Amino acid sequence: MNLETILKMQNELLLVAMLLAILIGEIFTTQQGKVKLINFTIITFAAVTLIGFFNQPNGDLFGGMFHTNSLIHLLKNGLNVGVLIILMQSAGWLKQDLIQQKKSAEFFMLLFSSLIGLNFLISSGDFLMFYVALELSTLPVAALAAYNAYKRQSAEAGIKLILSATLASGLALFGISFLYGSAGALYFDDLANLLQLSNLTILGLVFFFAGLSFKISLVPFHFWTADVYEGAPINVASYLSVISKGAAVFIMMFILFNVFKAFTSIWEPMLYIIAIATMFIGNLFALRQQNMKRFLAFSSVAQAGFMLLGIINMSALGVTSVVYFVLVYMFSNLGAFGVVQAISQKTGKENMDDYNGLYRTNPMLSMVMMLGLFSLAGIPPVAGFFGKFFLFTAAAGKAYYILVFLAVVNATIALYYYLKVIRAMFLRQSENPIPHFNNDVFMKIGLATASAGILILGLYSPLYDYIQSISNLIFN
Amino acid sequence: MDILSLFIVAPIITVAVLLFAKNLNQSRIISLIGSLVQLGMAINLMFAYLAERASGNSAIMVFTKSFVWFKSLNIRYDIGADGITVFMIILASIVVLAGVFISWKINDLPKEFFISLIVLATGVYGFFISLDLFLMFLFFEVAVIPMYLLIGIWGSGPKENSAMKLTIMLMGASALLLVGILGLYFYSSPDGALTFNILEISKVNIPAEVQHYLFPVVFIGFAVIGALFPFHTWSPSGHASAPTAVSMLHAGVLMKLGGYGVFRVAMFLLPIGAKEWSWFFIILSVIGVVYGALAAIKQTDLKYINAYSSVSHLGLVLFALLMLNKTTWNGAIIQSLSHGFMTALFFALIGMIYERTHTRDVRELGGLLKVIPFISVIYVIAGLASLGLPGFSGFVAEMTIFVGAFQHVDLFHRVATIIGATVIVITAVYILRVVGMMLMGPVKKEAYNLLPQATWYEKTGVFLLLIPIIIIGTMPLWISDIITESIKPFIERML
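Not measured: the values here are computed from a predicted model.

*Asks:* How would you summarise helix α11 (residues 234-258) of chain A if you had to cite specific residues and measurements?
*Replies:* A rise of 1.5 Å per residue sets the reference length of α11(A), with its 25 residues, at 36 Å; its end C-alpha atoms lie 35 Å apart and thus fit the reference within 8%. For α11(A), the tally of buried residues reaches 23 of 25 residues, placing the bulk of the element in the interior.

Take a look at the structure:
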């Protein structure tokens, strides 16, 4: 291990170091010191996030099991920022509930373990690393989903997640074994050259795809989503919907474009159908939801369908649009989830009807929520509009005009239910609205960061052009 | 800052200042100053445009500016103006200013109301000046979304449903539009240098079979907001539920986006498709023209009457555009302007009457001429303008359209023109019916005798809209000269 190796794995190593620091800090702090530990962790993690933005070397490690490039760095930084926002949004919850239950430090450890897993997942260069990272990223989240130990729903969420996740990773592993059996290799680069189109490899592709689809909650592997989001603590739900989904979409795209690049005739129609099914089912189910968490769960299912529109175009344009959309989606969803979190934490209310008249009592929260929802719906001038437009451009670039049309129809359906929340907040009045309340500093910074991201990411074009320039490099 | 970008910057600054307003008085003063500045800019733009043309600049678009925005997709901030744009901007700025006056007494969340109103105006200005399809689409949606809040929060009646219906239908139309724009983008260049720029795409001849599929998509995408039959259903309920100023802006300006987009994008970029499909859409627009007018006869709610009359009048715009002839095009643009001012005026007056009598049902009203003479007289004038009395803008517009349409000698166009022309009579019926029931006769209720007269801000708003109607009606040649100049590129490309 020389310095360069360390630098290439800088993000992962820093996270591990942080995790150990929390572990040690946990031992030496008293009950009163726990609040400080929470503040310390968030600030340290902010520093780690910041360090990530400095230039990092690209290249392979461990004979190609671990590889990294500018795009992966960008995504890792994005994930860090996302987790940072989530942590800030959950600071109040941690201080209020978890310290009494004496498990605030464990929350961080589980979350960071999962984040490390995701970092390795998007950096993985062979299927072994991929599988280990997949497990590492999923299992801690199952524990987190069951974190509200005294709530029956939370326990149910944990069980549901762990069962689905193990089934999914079992499927993925099964698929990988087929690939290994037919090609005799596990490295992505080797497989790309060795894989021949045969029934066995196609089966391998399908199983692998199904396994990963669970994580992205594509239809028909989305059944766990709504229940888990509803039962899990909100920050865990937002972690699942944003961070874990974003990383999984990226690695799915990466593997499809690299390992299965000769198989486009197989996976393009597959994605086509799954994209349509995911968008329609996600949206149609979202229409009737009253609970905000379930609502956002189905909305995130539908959003995953949109992401496939970028993957379907195997080109630099496709890569760019997907990575860009993932970043945009992250900020948008975190804005919406943050508001749900803030309200749920102060008042315990999670239903759409409870939001009636919110604007008149809490204008700022309503504005953040509106920004987030508009961005998810793809309304200009916020970032979501640009993200969606570029995804559609990518799909239209492959002349999938019907798919684009169906996607835009779905965007309109989605607009209806996003407007329902806006209707509750702005149009309706309530006899006992949610009273005005002030958020703690961390929550405010978290929401402000998300809003700033939503506003700036779209109008500020250099980010998109930057992603495009890296994807061009990678694709050649 | 160039003369056109100001139309985006000025409203944004107004909104930014509005954010700090504390009460109704501050909000309305800020909006008033903002929209006065915009009107000033619009008039300045017109003179600048005339000077530019007089100095011999014969480019399709003048005052063009171009900045790269998203380099890798060649999305650019491309703006420019021709005579049509200039007139549309003047229309928008006058209606916005009148809208601010009419909303002088808005009580509920005034700051938010004016912010939404000005954001809508930003979208409209941006739409008219964009030469880049991406930019145009962006501003289109910026203009539509505030409608939801404006109708939903400050509206009346079944406002939630109307607002939702309007938004979903218009956004659904923009779904088609998006597909169309992407189609245009990927056929915009034979050698792979794709572009969203309208002028550059117009130099490329898109294959006929592509135009065949693309034209209806783009056309319907725009025409929904121009109330094309059978996609007009959002309009009556939306108008009826909207607050006065929003109805004015909506019918007066927002619906013009449809005709403008159809002309500038669908027909200009896809001329072969336009010729191929014109018969089909002529049928739809003629149905819209006659059906809208007939429906207006049966309505009893004043706002519904005007909403259906808008469907009819705007159907005429689409009809005129699809006739593919330079006289009708000229008429279509004058009709757009004329209808914009007229409907805005109508809705302003209806708002005033409703505020005083708390009903919009013509059966409950009567004899208003005796109690609120100013409002009633203006209503009669607006009505006469709408039914096409010479001297007002409606006459000029309809005259030009039907004279132009009659130049087509084939049976189909003749029949369509004759059916369309019946609207002149039907319009007279519904206008005079309302005038007779509402304004003439005995005063229906005792309480009506105590109705307050029009206030200064109402009068100002009304005059702002009335003056252009008379200007268009009395000086049509001056306007149609500028328009004729601007439709030359369309003529070269299509006829």
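*Asks:* Describe in detail the interface of chain B and chain A, supporting the description with residues and values.
*Replies:* Of the residues lining the interface, 25 residues belong to chain B; the matching set on chain A comes to 25 residues. Looking at the side of chain B that touches chain A, the elements that each hand over two or more residues are β1 (62-70), α5 (133-154) and α6 (159-186) of chain B. A class-by-class count of the residues in the side of chain B that touches chain A yields 17 nonpolar, 5 polar and 3 charged.

*Asks:* How would you summarise helix α19 (residues 423-439) of chain B if you had to cite specific residues and measurements?
*Replies:* Residues and elements named next belong to chain B. Here α19 contains 17 residues, and its C-alpha end-to-end distance of 23 Å stays within 8% of the 24 Å for a straight helix at 1.5 Å per residue. Among the residues making up α19, those that are buried are V423, I426, T427, Y430, I431, V434, V435, M438 and L439. Along α19, the residues classed as buried sweep out an arc of 165° about the axis, all on the same side. Residues of α19 that are exposed and point more than 90 degrees away from the buried face comprise V425 and G436.

*Asks:* Residues and numbers for the environment of K398(A), please.
*Replies:* Residue and element names in this part refer to chain A. With respect to the helices, strands and loops of the structure, K398 is situated in the loop between α17 (383-397) and α18 (401-427). Note: C-alpha distance between K398 and L373 (25 residues apart in sequence) is 29 Å. Apart from residues no more than four positions distant in its own chain, K398 is found in contact with I312 and N313.

*Asks:* Account for the environment of G226(B), with residues named and values stated.
*Replies:* All names here are of chain B. As for its position among the elements, G226 is in the loop between α8 (208-223) and α9 (234-241). Classification of G226 by C-beta neighbours within 10 Å gives buried; the count is 30. Distance in space between the C-alpha atoms of G226 and G258 is 4.2 Å, their sequence separation being 32 residues. The residues contacting G226, other than those within four sequence positions of it, are M255, G258, G259, V262, L314, V317 and L318.

*Asks:* An account of the packing of α6(B) against α8(B) is needed here, citing residue identities and associated values.
*Replies:* Residue and element names in this part refer to chain B. Between α6 and α8, the shortest axis-to-axis distance is 7 Å and the interhelical angle comes to 140°. The orientation of α6 relative to α8 falls into the category oblique. In this structure, the crossing between α6 and α8 has a hand that is left-handed. For the pair α6 and α8, contact is made by A173, S174, L176, L177, V179, G180, G183 and L184 and by L214, V217, V218, I220, G221 and F222, respectively. Tallied by class, the residues present in the contact of α6 with α8 amount to 10 nonpolar, 4 polar and no charged.

*Asks:* For the confidence of the model for chain B, give the residues involved together with the corresponding values.
*Replies:* On average, residues of chain B score 87 in pLDDT, and 100% of them are at 70 or above. Listed scores for the predicted complex are pTM 0.92 and ipTM 0.90.

*Asks:* Pulling in residues and values, what's your account of the pairing of β1(B)?
*Replies:* Residues and elements named next belong to chain B. Pairing of β1 with strand β2 (residues 75-81), which is carried by 6 bridges, proceeds in the antiparallel orientation. Considered in β2, the bridge of S66 is made with D78. With antiparallel pairing between neighbouring strands as the criterion, β1 and β2 make up a hairpin whose turn holds 4 residues, including N74 at a positive phi of roughly 55°.

Criteria and thresholds
Residues numbered from 1 in each chain as written. Chains lettered and ligands numbered in written order. Predicted model: local features only at pLDDT ≥ 70, side-chain atom pairs only at ≥ 80, totals over all residues. Helix = DSSP H or I, 4+ residues; strand = E, 2+ residues; numbered from the N terminus. Expected span 1.5 Å × (residues − 1). Buried ≥ 20, exposed ≤ 12 C-beta atoms within 10 Å, placed from the backbone. Contact = placed C-beta atoms within 7 Å. Nonpolar A, V, L, I, M, F, W, Y, C, P; charged D, E, K, R; others polar. Arc of directions from axis to C-beta. Axes fitted to C-alpha atoms, helices over the stretch in contact; angles between N-to-C directions. Parallel < 35°, antiparallel > 145°, perpendicular 65-115°, else oblique. Left-handed = near helix turned anticlockwise from the far one by under 90°. pLDDT = per-residue confidence, 0-100. Pairing = 2+ DSSP bridges.

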